[in-house]
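As a plain string of letters, each chain reads:
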Amino acid sequence: MSKNEGEENGFDPENHNQEEEEEDKKKHLKEEELSVERIFENQEVPSWRKQLTVRAFVSGLLRQPFTRQENTVIQTCVVASSGISFSGGYGNYLFAMSERIAKQSADTLDFKKLSLGWMISFLFVVSFLGLFSVVPLRKIMIIDFKLTYPSGTATAHLINSFQTPQGAKLAKKQVRELGKFFTISFLWGFFQWFYTAGENCGFANFPSLGLKAYDSKFYFDFSTTYVGVGMICPHIINISLLVGGILSWGLMWPLIEDRKGDWYPADLSSDSFSGLQGYKVFIAIALILGDGLYNFLKVLCQTIVGLSHQLRYKDASSGLPVADHSSLVSSQLSYDDKRRTQLFLKDQIPTLFAIGGYVAIAAIAMAILPHIFHQLKWYHILVIYIFAPTLAFCNAYGCGLTDWSLGSTYGKLSIFIIGAWAGASHGGVLAGLAACGVMMNIVSTASDLMQDFKTGYLTLASPRSMFVSQIIGTAMGCVISPCVFWLFYKAFDDLGQPGSQYPTPYAVVYRNMALLGVKGFSSLPKNCLLLCYVFFGGAIMINLIRDLVGKNWARFIPVPMAMAIPFYLGSYFAIDMCVGSLILFVWGKINKAKADALAPAVASGLICGDGIWTLPASIFALAGVKPPICMKFLSRGNNAKVDKFLGS
């Protein structure tokens, strides 16, 4: 169309170009206003060695403020150290080996006397392998898949907010909102504490959707942590969690429970893995493995195809989804994403170093672990370490989607496989529990490291400095956490006993799981394995459909990894997260620019405030300070019975 023709039709090319320039300018100004990294543009990013300063690990050397990179490094160290308190198994697999727990199960002979020396040695041998297993995949997880890792994202926003230079208006607003919601969340946790004097008391057990729904784990538990996580997670993840909860607790488990007496014995306890609990755990594992393995194989195939293409055509520009290849940064990325990606890929951790470290530590473990646990043979450990990277990927991937680390779930799988392999006559109970510890430490540290890489990506911290910090923190945790547990073990003679202040119920559960494991999968309830095969295949099929239909339609299809988590845990946290998602959705409709700028800070405040409250709550528990009130909810009939009993 010519210029004259355009003018006759009411179209002026010059005015049109001016309008486009104005739109681009407004868009650029809006991006600059919301950009975090433009606020820090004039600050030099220190090298990875300078991020590992002595003052970052030793308090008191604060002549000048911490950089945000130093803050990221020290929080990585602290998280790595404290993470051992979970993966160390003091409330489950490790304590389940003790004579104290063995006396509460059917087998009182197969136990190991607890000792501080072998516990520390065991943790040093098994805790570092997970760090090396996922290092080559960090680019795939953080940049290619763009996984959210909500806790890592929340930590990064917290660090960025407090490290913002003076005069940044957006940062001041973020800090103000973060502080406001941090305070609200902390005080809300303190307020709730007053009503938790007994079991199942307080707002966390409020039957907001009715008592029958509460029995099926459908209720809003007033957790500000999960509301905040829901604001960070994509909407489809939160919906997937809710769909999984409805499918399992709303449909499947009631139907299977109706077949009690046919599919499994009617007199089994609710936590027996020969009953309904077996379906819950193993079907969830099948979904997780199907989803995780599909994505692992997809990435592996893409890598092999790209590598073969590069070798065949000597095309150095072909991008491969591996950590050692810095792909070109798309011009469509925002300024923040470009800068973060550039620095995240700058300090490489060589893949050969990661593989070499993994093989070396695996060899050491194969030599030492059989001396700690005579029932666990070297070939058991070899098989675990062959499959561990795949499972570590699955866990890190799932954690990036939902903020849930399912290390204990993979540990349970190891209990059954290794326990059945070793057999009852060769100490299968202890072999299974030890294998659980090996697997839990690998997959848990892998997901923790990836969370910290996400924090480092958002704060421009070097992956190298964070990896070193993770190693230092893990080494500290291998000493500190068993020492703290040993103090408890020696201070409380009734530790682990039913009805005591610290009953450790999961230790008994893991012990019974190991006893079930030595009998093999044939002891699982009827049709359990068949359902596992169905859901494993279903997870692969759903992922295949998501890839085939394209991004526009895939965003409406649930994610199997996220769907699996409520199968085991229930839907209460999914409802909390959907509330967070709804808040963000409505806020975005009202004022999208403000929601984009402040929602991460609000979510971080909600998460951090509730998390910090656990510290004084733990101190109260250790000091014997108990809440004064128990708030429970009863049906009308039960309430009448209680009133009648109290009146008599």
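About the criteria used
Residues numbered from 1 in each chain as written. Predicted model: local features only at pLDDT ≥ 70, side-chain atom pairs only at ≥ 80, totals over all residues. Heavy atoms only, no water. UniProt positions renumbered as here; feature names shortened; annotations may be inferred. Salt bridge = Lys/Arg side-chain N within 4 Å of Asp/Glu carboxyl O. Buried < 20%, exposed > 50% of the residue type's maximum accessible area, 1.4 Å probe, protein only. Helix = DSSP H or I, 4+ residues; strand = E, 2+ residues; numbered from the N terminus. Core = buried A, V, L, I, M, F, W, Y, C linked by side-chain atoms within 4.5 Å. Contact = heavy atoms within 4.5 Å. Expected span 1.5 Å × (residues − 1). Patch = residues over 30% accessible without salt bridge, like charges linked within 9 Å, V, L, I, M, F, W, Y side chains within 5 Å. Areas by Shrake-Rupley, 256 points an atom, 1.4 Å probe, with all protein chains shown as cover. Axes fitted to C-alpha atoms, helices over the stretch in contact; angles between N-to-C directions. Parallel < 35°, antiparallel > 145°, perpendicular 65-115°, else oblique. Left-handed = near helix turned anticlockwise from the far one by under 90°. Nonpolar A, V, L, I, M, F, W, Y, C, P; charged D, E, K, R; others polar. Phe/Tyr/Trp six-rings, centres within 6.5 Å; stacked < 30°, edge-to-face > 60°. Lys NZ or Arg CZ within 6 Å of the ring centre and 35° of its normal.

The name given to the protein in an unreviewed UniProt entry is Metal-nicotianamine transporter YSL7, with the source organism recorded as Castanea mollissima. The Subcellular location (unreviewed entry) comment attached to the protein in UniProt states, word for word, "Membrane". The UniProt entry for the protein carries the following comment under Sequence similarities (unreviewed entry): "Belongs to the YSL (TC 2.A.67.2) family."

A. The pattern of salt bridges, seen in detail. In the structure shown here, the tally under the stated rule is 6 salt bridges. A salt bridge links K139 to D144; the shortest N-O distance between them is 3.1 Å. When its relative accessible area of 2% is taken as the criterion, K139 is described as buried. Assessed through its relative accessible area of 34%, D144 is described here as partly exposed. When the shortest N-O distance is used, the salt bridge between D262 and K526 registers 3.7 Å. You can see D262 sitting in the loop between helix 14 (235-257) and helix 15 (276-313) and its partner K526 sitting in the loop between helix 22 (505-517) and helix 23 (528-549), a full 264 residues away along the chain.

B. Highlighting helix 25 (residues 560-569). Within helix 25, 9 of the 10 residues are buried, which leaves the element mostly enclosed by the surrounding structure. Along helix 25, the residues classified as buried are P560, M561, A562, M563, A564, I565, P566, F567 and Y568.

C. Looking closely at the nonpolar core. Counting 155 residues, the largest nonpolar core has F122, Y279, L369 and Y385 as its most contacted members. Looking at this core element by element, the count peaks at 18 residues for helix 20 (residues 428-459). Sequence-distant contacts of L369, that is, excluding residues within four places in its chain, are made with F122, V125, V126, I381, Y385 and V438.

D. Up close: helix 20. With 32 residues, helix 20 extends 46 Å from end C-alpha to end C-alpha; this agrees with the ideal 46 Å at 1.5 Å per step. Buried residues dominate helix 20, accounting for 31 of its 32 residues. Count one or two residues on from helix 20 and you reach L460, which has phi positive near 65°.

E. How the structure looks around unusual backbone geometry. Residue K217 is not a glycine yet carries a positive backbone phi of 70°. Structurally, K217 is set in the loop between helix 12 (211-215) and helix 13 (224-232). Residue classification places K217 among the partly exposed positions, given a relative accessible area of 30%. The phi dihedral of L460 falls on the positive side, at around 65°, and the residue is not glycine. Checked against the element boundaries, L460 lands in the loop between helix 20 and helix 21 (463-491). Overall, L460 belongs to the buried group, its relative accessible area being 4%.

F. The arrangement of a nonpolar patch on the surface in detail. Among the surface-exposed residues, M541, L544, I545, L548, V549, W553 and F556 lie close enough to one another that they form a single nonpolar patch of about 750 Å² accessible area. At 5 residues, helix 23 tops the list of elements feeding residues into the nonpolar patch. Of the residues examined, W553 reaches a relative accessible area of 59% and is grouped as exposed.

G. Main features of the environment of G432. Relative to the helices and strands, G432 resides in helix 20. Assessed through its relative accessible area of 0%, G432 is described here as buried. On a C-alpha basis, the gap between G432 and S414 in space is 6.5 Å, while along the polypeptide they are 18 residues apart. Not counting chain neighbours up to four residues away, the residues in contact with G432 comprise S414, I415, I418 and G419.

H. Main features of the packing of helix 18 (residues 378-402) against helix 20. Their axes nearest at 8 Å, the elements helix 18 and helix 20 cross at an angle of 40°. In terms of orientation, helix 18 and helix 20 fall into the oblique class. Between helix 18 and helix 20 lies a crossing whose hand is right-handed. Across the interface between the two elements, I384, Y385, A388, L391, A392, N395, A396 and C399 from helix 18 touch A435, V438, M439, I442, V443, S444, A446, S447, M450 and Q451 from helix 20. Per-class residue counts for the contact of helix 18 with helix 20 are 14 nonpolar, 4 polar and no charged.

I. Up close: the packing of aromatic side chains. The full count for this structure, using the stated rule, is 45 aromatic pairs. When the centroid spacing of 5.5 Å and the interplanar angle of 90° are considered together, the rings of F122 and F373 count as edge-to-face. Residue F122 is found in helix 7 (residues 116-126), and its partner F373 is found in the loop between helix 17 (351-372) and helix 18; the two are separated by 251 residues along the sequence. Given the relative accessible area of 1%, F373 is considered buried. Between F353 and F467, the aromatic rings sit 6.2 Å apart at their centres with planes inclined by 80°, giving edge-to-face as the arrangement. With F353 in helix 17 and F467 in helix 21, this pair connects stretches of sequence that are 114 residues apart. Judged by its relative accessible area of 4%, F467 falls in the buried class. Grouping aromatic residues by their ring pairs yields a cluster made of W188, F191, Y195, F203, F206, F220, F222 and F633. Cation over ring: R138 sits above F344, and NZ or CZ is 5.6 Å from the ring centre. For the cation-ring pair, R259 lies above W263, with the distance from its terminal atom to the ring centre recorded as 5.7 Å.

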